[in-house]
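Breakdown of the fold
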Amino acid sequence: MSRFSDVGNDLYTGKRSVPVVALRRRFYGVSLVLLVVAALGLAVQGLNLGLEFRGGSEFRVATTSAPADYEQVARDAVGAAEDERGVNVTLVGNGTVRVQTERLDDTASQDVRQSLAKAFGVSEQDVSGTFIGPSWGASVSQQALRALIIFLIGVVVMLSIYFRNWKMAAAALVALVHDLAITVGIYALTGFEITPATMIGFLTVLGYSLYDTVVVFDKVRENTAQAFGSGRMTYAQAANLAVNQTMVRSINTTVIGLLPIAAVLVVGSIFLGPGVLLDLSLVLFVGILVGAYSSIFIATPILVTLRRTDDAVVELGKRAARHQAKVARVPAGTTPGATADADGDPVPVGAPGAGQREEGSTLTGRAVHQYARSGPRNQPKRPPRAKR
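Residues numbered from 1 in each chain as written. Predicted model: local features only at pLDDT ≥ 70, side-chain atom pairs only at ≥ 80, totals over all residues. Heavy atoms only, no water.

The name given to the chain in an unreviewed UniProt entry is Protein-export membrane protein SecF, with Phycicoccus duodecadis as the source organism. Check the Subunit (unreviewed entry) section of the UniProt entry for the chain; it says "Forms a complex with SecD. Part of the essential Sec protein translocation apparatus which comprises SecA, SecYEG and auxiliary proteins SecDF. Other proteins may also be involved." (UniProt positions renumbered as here; feature names shortened; annotations may be inferred.)

Structure below.
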């Protein structure tokens, strides 16, 4: 644990650096492959829409204990032993068998109820039948799509106002679309059922992904503002330092968020069976993993790519190159990638090396108030009441 905390401290101070921005083309390639696979899965497999979206009939057989071959028994009862797509049989809890079929008329529904009751050895009153029309599913889909569009528009407006830079909003939006596309593709490839709870989970995942991206971008904005002021680091170096400084936090947040979801997922799949709890936990588990990946390896590199031709960024690159070349020429054992200053404090890549940091400045060159230079004990003190 101590080693992990040391790694986190080294990443934050710049003693170690993961070249996320420098290797951004590799991460773009990984994401491109994932997106192509997701698109192929969506085109070939399609989405397994739940009964709420496509409409149909659903029967529930309440038994004391479902037999081990409940699926085959149910398929034989409804006359669909060879039909793998039209009839969906699942076990809800330990004693309820759920059978979903295409839309059946009243006579056919009554026959199926009788057949299921006979096959499982229960009375006909223990077999319930319901019909869900496709219009309800279409209404749910339209409302979910409308909510998604409003959400994306709100994200662009909010981020543009908060960061005062539309390219940050664009990079965050690309990361959101990336997360949504891969998550939907995973559902298409695995055949997981899309239910209204899944749609709620999709929107929740987008909110989580956006939250993580905003935290990283906030640090990027802070570091790049200092870099523009000092001229010691390029925009890409300052952005990469921000990703490293927030990497451990993102990993910890993701792990902590996934642990309870994984517990719900395991309990739901073993003891409860298909249902709202399992649908919601499944989409959250997949989406949070993809969102953590995009917030670290996709969002900030895209931002650097979008801003690489900005006049201010180009000028900052020239200033930083001159400064780092000057630092590299300094003798006294100083190297361009110095990892520690005269006090033994680590120095990030691209920052001034040993002996180059100005008195009263941070690693990135930001001025520090005189009261903060000697530690917390030298804070300004309020004079006694008698001397005011």
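Once you've had a look at it, read on.
**Quick look at the packing of aromatic side chains**
The tally for this structure, following the rule as stated, stands at 5 aromatic pairs. Ring centres of Phe 163 and Phe 217 lie 6.0 Å apart, and the angle between their planes is 75°; this geometry places the pair in the edge-to-face category. With Phe 163 in helix α6 (residues 134–163) and Phe 217 in helix α8 (residues 196–230), this residue pair connects regions lying 54 residues apart in the sequence. An aromatic cluster of three or more residues is present, and its members are Phe 27, Tyr 293 and Phe 297. (Phe/Tyr/Trp six-rings, centres within 6.5 Å; stacked < 30°, edge-to-face > 60°. Helix = DSSP H or I, 4+ residues; strand = E, 2+ residues; numbered from the N terminus.)

**Considerations on the pattern of salt bridges**
For the coordinates displayed, the defined rule picks out 6 salt bridges. With a shortest N-O distance of 2.6 Å, Lys 167 and Asp 310 are connected by a salt bridge. In this pair, Lys 167 sits in helix α7 (residues 166–190) while Asp 310 sits in the loop between α11 (299–307) and α12 (311–329), placing the two residues 143 residues apart along the sequence. Between Asp 212 and Arg 249 there is a salt bridge whose closest N-O contact spans 2.9 Å. Of this pair, Asp 212 sits in helix α8 while Arg 249 sits in helix α9 (residues 235–272), placing them 37 residues apart in sequence. (Salt bridge = Lys/Arg side-chain N within 4 Å of Asp/Glu carboxyl O.)

**Comments concerning the UniProt feature "transmembrane region" (unreviewed entry) in the chain**
Mapped onto this structure's residue numbering, the UniProt feature "transmembrane region" (unreviewed entry) falls at residues 27–47, 144–163, 170–188, 194–211, 255–276 and 282–304. Along residues 144–163 one finds 100% helix and 0% strand; the C-alpha atoms at either end are 28 Å apart. Along residues 282–304, the helical share is 96% and the strand share 0%, with 33 Å between the first and last C-alpha atoms.

**Here we look at the sheet that holds strand β2 (residues 56–62)**
Across the sheet, 4 strands lie side by side as β3-β4-β2-β5; this open sheet has antiparallel pairing. Either end of the sheet is taken by a strand with one partner, and the two such strands are β3 (88–92) and β5 (127–132). Here the strands of the sheet are splayed against their neighbours by 20° on average, with no regard to which way each runs. Relative to strand β4 (residues 96–101), β2 is paired through 6 bridges, and the arrangement is antiparallel. The residue of β4 that forms the bridge with Phe 59 is Val 99. (Pairing = 2+ DSSP bridges. Axes fitted to C-alpha atoms, helices over the stretch in contact; angles between N-to-C directions.)

**Examining the layout of surface pockets**
Considering only enclosed or pocket space, the second largest pocket measures out at about 290 Å³ in volume. What lines the second largest pocket is a set of 13 residues, and nearest its centre among them are Ala 144, Leu 145, Leu 148, Met 199 and Phe 202. In terms of residues, the lining of the second largest pocket owes the most to one element, α6, which gives 4 residues. In terms of residue class, the lining of the second largest pocket is made up of 12 nonpolar, 1 polar and no charged. (1 Å grid on protein atoms, 1.4 Å probe; cavity = no way out; pocket = protein on both sides within 12 Å on 5 of 7 lines; lining within 4 Å. Points joined across faces, edges and corners; volume = space filled by probe spheres on them. Nonpolar A, V, L, I, M, F, W, Y, C, P; charged D, E, K, R; others polar.)

**Re α11**
Each α-helix turn comprises 3.6 residues. Residues three or four places apart therefore point the same way. The element α11 is extensively covered by neighbouring structure, given that 7 of its 9 residues are classed as buried. Inspection of α11 places Ala 299, Thr 300, Pro 301, Ile 302, Leu 303, Val 304 and Arg 307 among the buried residues, and these make up the whole buried set. (Buried < 20%, exposed > 50% of the residue type's maximum accessible area, 1.4 Å probe, protein only.)

**As for the nonpolar core**
In summary, soluble globular proteins display a tendency toward joint burial of nonpolar side chains. Leu 159, Phe 217, Val 220, Tyr 235 and Leu 303 are the most contacted members of the largest nonpolar core, which totals 38 residues. Breaking this core down by element, the ones donating at least two residues are α6, α7, α8, α9, α10 (276–297), α11 and α12. If one sorts the elements of this core by residue count, α9 sits on top with 8 residues. Counting 17 residues, the second largest nonpolar core, distinct from the first, contains Val 97, Ala 117, Phe 120 and Val 127. (Core = buried A, V, L, I, M, F, W, Y, C linked by side-chain atoms within 4.5 Å.)

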